[in-house]
Amino acid sequence: MSRKQWLVATIVLMLSFTTVLAACGGKNENAGNKPSASAPPAGSEAAPEVKPTLKGLRNYMQEDYNTYPVNQFVEEKTGYKVKNDMLPQEKPSDKLNLIMASGTDYDFIDAMNKQDFFNFAQNGALTDLTPLIEQFGPNIKQAISPESLAGATVDGKIYGIPTLNVSYVSSGLLIRTDWLEKVGKEMPTTLDEFMDVLKAFKEKDPGGNGKNNIPFTMDSSGLIDNIMGAFGIYGHWNEIDGKIENVSSHPELKNYTVFIRSLYEQGLLDKEFATNKSATSAEKFTSGRAGVLWTRWSSIPGYDEALKKNVPDAAYQFIPPMKGPNGLSGFTIVGGFNKITFVPKSSKHAEDVVKMINALLEPEVFKGLFIGEEGVDYKVENGNYIPIEPSFANTRGQASNFVIGMDEANFVTYWQARLQKNKPMFDNFQIVNNIPKEQTHQDPLAFSPFLPKYSASSAKLGTTVNDSLIKMIVDGVTDDGIASLQKAWNSAGGEEVVQEINAWYVNK
């Protein structure tokens, strides 16, 4: 199956969620364990295999990796103990680059930024896994498609294990629907209606917060899902007239920024948004001070718990796609890889890392890691995988953070249980994902290969765009400001990056 066919199949599967037919695999108590060696001759002693403790650097999660039940599952099924550290929630790439530059004793590391991974591989900082996968990775080759492995390949060598992502809309605008009712407004369907709602939130203070009332809060970002789509902007990269263009050159960027600036100027957007951390803006929403929050649906379980505690009668949901002045609307679909796990060249246990990953990708072991035990953590009803609470949340709620590579033929089916572990999260996922196909737009670089110039400059280019947009939102939008953004972006290597990306895109 081609990448495009796979992507279409995945989206169809999600949009017809309740009709998925999934076979229920039988239990295998010995899955992932090596075959038992034959008994040693009488009078002789066989020394048990001594496996090293592996040290891993993972992406941020709220739980402690080392005490989470899945870490024990990994040890039981692979024989390897893993000591886990994790990257910070804020600016993980900065920390990761510092760690790699100063030398590291980690045996494996998860990189969320694909271009970070490519930079490390290109600079000779990673172990070539190709011969190790060939010798010790039959499950890896069976579970992960050649197309996915090609996405972690540089100069013909596999330097990482890619973990494929489900393609979906990841974020949107949560709105307090009880506030809407209190101010006598309907769910906004256009940007004009959205602004009208925020004005009502400000003037009528439905939360009773007085001077602490905030109509709309978010963290320090210049690009906001749903509002972007109303101007035909879908993330940092867009296809325009058959070419890939950066948002810095998008013809509607000024109009978009003027709209956000108007929210800020009128006191409808949090005055502190430019310095807010994600946890800060979330607290403003869950404490009952804010009426709208820009966030990811995957964060909703934590928000729901906090909001119920602080404001028991609160109700909320994502705002469906809103239309802009030209009738445009829609969301960006994220996809590609969730992360790429690599082995630093300094690791002394590359072979053991590959053996551990291979054991975790044995089909029944992967299933057990991902969703737990049938009848205990999940059940299957009419082909649908349903979590059993509270067991699923307690033992597998954060299991996706432990996954290295995917059983690509089955993980979307199993993913149902992960998605339905929290009803508010599931309901809001449906709101922003069960929308007309023409309102969804795939990131055009989701499955891009190694692009040296883009890899070297992507972080700096992204920061340049974000910082410039925030400055204009706070200080004012002018033609000179837009021109200054474009000049700064080009000076950071943007012009060469666009040429490189399009040389790949037109020939892919």
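Residues numbered from 1 in each chain as written. Predicted model: local features only at pLDDT ≥ 70, side-chain atom pairs only at ≥ 80, totals over all residues. Heavy atoms only, no water.

Draft legend 1. Fine view of the overall build of the protein. A count of helical and extended segments in the protein gives 20 helices and 18 strands. Relative to its length of 508 residues, the protein is compact, with a C-alpha radius of gyration of 24 Å against a globular reference of 23 Å. Dimensions of the protein, computed from C-alpha atoms along their principal axes, come out at roughly 85 × 50 × 40 Å. By the burial criterion, 54% of the 508 residues in the protein qualify as buried. (Helix = DSSP H or I, 4+ residues; strand = E, 2+ residues; numbered from the N terminus. Rg over C-alpha atoms; globule rule 2.2 N^0.38 Å. Buried < 20%, exposed > 50% of the residue type's maximum accessible area, 1.4 Å probe, protein only.)

Draft legend 2. Spatial organisation of helix H10 (residues 253-265). Under the 1.5 Å per step criterion, the end-to-end length of H10 is 18 Å for 13 residues, consistent within 8% with the ideal 18 Å. Among the structural elements, helix H9 (191-204), strand S9 (214-217), helix H18 (452-475) and helix H19 (479-491) are those in contact with the buried residues of H10. Just downstream of H10, Gly-267 is the residue with a positive phi angle, here 75°. (Expected span 1.5 Å × (residues − 1). Contact = heavy atoms within 4.5 Å.)

Draft legend 3. Inspection of the pattern of salt bridges at higher detail. According to the stated counting rule, one finds 15 salt bridges in the structure shown. Between Lys-355 and Glu-351 there is a salt bridge whose closest N-O contact spans 2.8 Å. Here the residue Lys-355 and the residue Glu-351 both occupy positions in helix H13 (residues 350-360), the gap between them amounting to four residues, near one helical turn. Ionic contacts of the salt-bridge type, sharing partners, join the residues Asp-270, Glu-272 and Lys-284 into one network. (Salt bridge = Lys/Arg side-chain N within 4 Å of Asp/Glu carboxyl O.)

Draft legend 4. Region of interest: unusual backbone geometry. For the peptide bond that leads from Glu-389 to Pro-390, omega is 5°, which places it in the cis range. Not every positive phi belongs to a glycine, and Asp-241 is a case in point at roughly 55°.

Draft legend 5. A look at the environment of Lys-355. In the structure, Lys-355 is positioned 220 residues away from Gln-135 in sequence and 9.5 Å away in space, judged by C-alpha atoms. Not counting the four nearest positions on each side in its chain, Lys-355 is found in contact with Tyr-80 and Phe-136.

Draft legend 6. Summary view of the packing of aromatic side chains. Tallied over the full model, the rule gives 26 aromatic pairs. Taken together, a centroid distance of 5.4 Å and an interplanar angle of 50° make the contact between Phe-117 and Phe-118 tilted. Through a chain of ring-to-ring contacts, three or more aromatic side chains come together here, namely Phe-117, Phe-118, Phe-120, Phe-342 and Phe-450. Here Lys-55 stacks its cationic end above the ring of Tyr-106, 4.8 Å away from the centre of that ring. In this arrangement the basic side chain of Lys-271 is found over the ring face of Tyr-264, its NZ or CZ atom lying 4.3 Å from the centre. (Phe/Tyr/Trp six-rings, centres within 6.5 Å; stacked < 30°, edge-to-face > 60°. Lys NZ or Arg CZ within 6 Å of the ring centre and 35° of its normal.)

Draft legend 7. Region of the structure containing the pairing of strand S15 (residues 337-342). Most of S15 sits out of view: five of its six residues are buried. Bridge count for strand S3 (residues 108-111) against S15 is three bridges, and the pairing is antiparallel. Residue pairing in the sheet places Asp-110 in a bridge with Thr-341 of S15. (Pairing = 2+ DSSP bridges.)

Draft legend 8. Broad picture of the nonpolar core. Counting residues in hydrophobic clusters, the biggest one holds 91 residues, and the most contacted among them are Leu-96, Phe-117, Trp-297, Phe-342, Met-356 and Phe-370. Apart from residues no more than four positions distant in its own chain, Leu-96 is found in contact with Leu-57, Leu-87, Ile-109, Ala-111, Phe-120 and Phe-342. Ile-175, Trp-237, Val-292 and Ile-470 belong to the second-largest nonpolar core, a separate cluster that totals 56 residues. (Core = buried A, V, L, I, M, F, W, Y, C linked by side-chain atoms within 4.5 Å.)

Draft legend 9. How the structure looks around the sheet that holds S3. If you trace the five strands from one edge of the open sheet to the other, you get S2-S1-S3-S15-S6, paired in mixed fashion. Lying at the two open borders of the sheet, with one neighbouring strand each, are strand S2 (82-86) and strand S6 (160-164). Strand after strand, the sheet turns through a mean of 20° between neighbouring axes, direction not considered. Relative to S3, strand S1 (residues 54-58) runs parallel, the two being bridged by two bridges. Paired with Leu-57 across the two strands is Ile-109, which belongs to S3. In the packing of helix H3 (residues 92-102) onto the sheet, contacts are made with S1, S3 and S15, and the angle to S3 comes to roughly 150°. Set on the sheet, helix H4 (residues 114-122) makes contact with S3, S6 and S15; between it and S15 the angle comes to about 25°. (Axes fitted to C-alpha atoms, helices over the stretch in contact; angles between N-to-C directions.)

Draft legend 10. Molecular detail of H9. Its 14 residues place the ends of H9 20 Å apart at the C-alpha level, agreeing with the 20 Å of an ideal helix rising 1.5 Å per residue. Taken residue by residue, H9 has Leu-191, Phe-194, Met-195, Val-197, Leu-198, Ala-200 and Phe-201 as its buried positions. On its buried side, H9 packs onto strand S8 (171-176), helix H8 (177-183), S9, H10 and strand S12 (290-296). In the segment just after H9, Asp-205 is the residue with positive phi, at about 45°.

Draft legend 11. Layout of the packing of H4 against H18. Two numbers describe how H4 lies on H18: the axes approach to 9 Å, and their chain directions differ by 125°. Between H4 and H18, the interaxial angle falls into the category oblique. In this structure, H4 meets H18 at a crossing whose hand is left-handed. In this structure, H4 contributes Gln-115, Phe-118 and Asn-119 to the contact, and H18 contributes Tyr-454, Ser-455, Ala-456 and Ser-458. Its residues assigned to classes, the contact of H4 with H18 shows three nonpolar, four polar and no charged. (Parallel < 35°, antiparallel > 145°, perpendicular 65-115°, else oblique. Left-handed = near helix turned anticlockwise from the far one by under 90°. Nonpolar A, V, L, I, M, F, W, Y, C, P; charged D, E, K, R; others polar.)

Draft legend 12. Inspection of the environment of Asp-304 at higher detail. If you trace the backbone, Asp-304 turns up in helix H12 (residues 300-310). As for Asp-304 and Lys-423, which are separated by 119 residues in sequence, their C-alpha atoms are 9.9 Å apart. Other than its neighbours up to four places away in sequence, Asp-304 contacts Tyr-316 and Pro-424.

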